[in-house]
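Residues per chain, in single letters:
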Amino acid sequence: MGAFDRKTTAEQVSEGADLAGKHAIVTGANTGIGLETSRVLALRGARVTMACRNLEKARAAREGLITRGAAPDALVLAELDLASLASVRRFADETLATERPIDLLVNNAGVMLPDRRETSDGFEAHLGVNHLGHFLLTNLLLDRVRASAPARVVVVASDAMHFAALGPELEDLNWEKRKFSGWRSYGSSKLMNLIFSDELTRRLEGQGVVAHALHPGIVQTELARDQPWWMLAVGVALRPLSKDCERGAATTMFAATAPELGAQGGGYFSDCAPARRPKLADDAETAARLWDRSRDLVGL
Ligand SMILES: NC(=O)c1ccc[n+]([C@@H]2O[C@H](COP(=O)([O-])OP(=O)(O)OC[C@H]3O[C@@H](n4cnc5c(N)ncnc54)[C@H](OP(=O)(O)O)[C@@H]3O)[C@@H](O)[C@H]2O)c1
């Protein structure tokens, strides 16, 4: 570790990685960080399932990657709407029916919303899409991931977790009793991403599967598309500090391919280096509680 920094690209960080014969699933693969992650995974030889909620957009994105040189066989499209538990179950059933291994699962998709919206199952959208959808997805695919060991789960979280409004009691996860804050709700879902990644690592100990979480940086993507004008103005002001997607996908590729991260999971990275974690992320009781609560909410 240590050879990379915020200017490192996803291609540079994965140079020398041979993913021939490996199968990776990337959620939210049609744009932003997920698209670049898919491109570079395919470049390194992986077969990539691009799991997207809008197949029309996904088709165009895949075509774009092929135009840029990706091998058509390397990129497979599949429908996955993380805002619907039924869609997650359908995607998992279809994936497991292929009997393909899952060497890498990249939980990348996410939303960042200014107001309280609900998924089709009645979950506040940050909770539902960013955390619960991925929680269910990962658990449904877990036996296959285990059977594919050595395997990795990579969770795209965010340093916005430092703004989380999440206590150890995990009260009001669905934002029904508090005044809603989009930023704090987004941050809470990203803290849940990290807690989930760590708890997954604990539960998989000794089984050849590791999970790592990461902050990609401030990346020029469509993430802020639902934000009001003044948030977009903040984005413009922060542009000099931001990364393009080539650099924005670097830490994902680092977590997915760095050889030294294959034996021990539970990392949280930013700019391809260990990053500061909120205290609550290290509370084992909270992690166990979140796991149980999430399992109940998704009906596992
Ligand atoms: N950009 C940043 O500065 C930044 C910073 C920290 C963390 N992150 C994290 O990075 C990850 C990728 O975001 P991005 O920045 O690349 O944003 P993006 O360009 O908006 O991409 C987000 C992806 O998630 C997909 N998605 C949204 N809701 C979904 C759902 N219900 N089911 C399935 N897919 C869904 C989107 O699909 P559609 O195109 O169909 O909506 C899109 O493919 C997110 O987890 C985000 O929280 C980003």
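Here the residue numbering is sequential within each chain, running from 1 through the sequence in written order. Two thresholds apply to this predicted model, a pLDDT of at least 70 for residue-level local features and 80 or more for giving and counting side-chain atom pairs, whereas whole-chain, interface and lining totals are computed over all residues. With hydrogens and water stripped out, all remaining heavy atoms of the structure feed into the side-chain values.

> Whenever I open this one, a nonpolar patch on the surface confuses me. Can you help?
Residues I218, W229, W230, V234, L238 and L241 make up a contiguous nonpolar surface patch of about 650 Å² in total accessible area. Every helix listed is a DSSP run of H or I at least four residues long, and every strand listed is a run of E at least two residues long, numbered separately from the N terminus. Assignment of secondary structure puts L241 in the loop between helix 7 (229–237) and helix 8 (245–248). Each patch is built from salt-bridge-free residues with over 30% relative accessible area, joining like charges within 9 Å and nonpolar side chains (Val, Leu, Ile, Met, Phe, Trp, Tyr) within 5 Å. Note on areas: these come from Shrake-Rupley sampling with a 1.4 Å probe, and a residue is covered only by the protein chains present in the view. By convention in these notes, a salt bridge is any Lys or Arg side-chain nitrogen within 4 Å of a carboxyl oxygen on Asp or Glu.

> Help me out: how do you make sense of the site of the ligand in this one?
Note on terminology: near, applied to a residue and a molecule or strand, indicates that one of the residue's heavy atoms is within 4 Å of it. Taken together, 30 residues sit near the ligand, with N30, R53, N108, Y186 and T221 positioned nearest. E222 places a main-chain nitrogen or oxygen 3.1 Å from an oxygen atom of the ligand. A 3.5 Å cut-off defines polar contacts: any pair of N or O atoms within that distance qualifies, except that in protein one atom must be a possible hydrogen donor and the other a possible acceptor, and neighbouring residues in sequence count only when both atoms are side-chain atoms. Here an oxygen atom of the ligand and a side-chain polar atom of R225 are 2.9 Å apart. Against a free-state accessible area of 900 Å², the protein chains account for coverage of 97% of the ligand. Of all the elements in the fold, those that place two or more residues in the shell around the ligand are helix 2 (32–43) and helix 6 (182–203). Classifying every residue of the shell around the ligand gives 14 nonpolar, ten polar and six charged. Under the scheme applied, nonpolar residues are Ala, Val, Leu, Ile, Met, Phe, Trp, Tyr, Cys and Pro; charged residues are Asp, Glu, Lys and Arg; polar residues are all the others, including Gly.

> Would you explain the nonpolar core in this entry?
One broad rule of soluble globular proteins: the nonpolar side chains tend to lie buried together. Side-chain atoms within 4.5 Å are what join buried Ala, Val, Leu, Ile, Met, Phe, Trp, Tyr and Cys residues into a set we call a nonpolar core. Three exposure classes are used, based on accessible area relative to the maximum for each residue type with a 1.4 Å probe and protein chains only: buried under 20%, partly exposed in between, and exposed over 50%. Formed by 53 residues in total, the largest nonpolar core has its most connected members in F91, L141, V153, L166, L191 and L200. Counting only elements with at least two residues in this core, the list comes to helix 4 (85–97), helix 5 (125–147), strand 5 (151–156), helix 6, strand 6 (209–215) and helix 10 (284–298). The element that contributes the greatest number of residues to this core is helix 5, accounting for ten residues. Any two residues having at least one pair of non-hydrogen atoms within 4.5 Å are treated as being in contact. With residues up to four places along the chain from it excluded, the contact list for F91 reads I25, T49, A51, A78, E79, L80, L137 and L141.

> Where do I start with the layout of surface pockets in this structure?
Rolled over the atoms, a probe as big as a water molecule pinpoints where empty space is left. Empty space within the second largest pocket amounts to approximately 280 Å³. Grid points spaced at 1 Å over the protein atoms alone were grouped into cavities, where a 1.4 Å probe fits but cannot get out, and pockets, open sets with protein on both sides within 12 Å along at least five of seven lines, with lining residues defined by an atom within 4 Å of a point. The wall of the second largest pocket is formed by 15 residues, among which K22, D103, P150, R152 and A256 lie closest to the centre. Secondary-structure elements contributing two or more residues to the lining of the second largest pocket are strand 5 and helix 9 (250–257). Class assignment for the residues of the lining of the second largest pocket results in eight nonpolar, three polar and four charged. Grid points are joined across faces, edges and corners, and a volume is the space filled by probe spheres set on the points.

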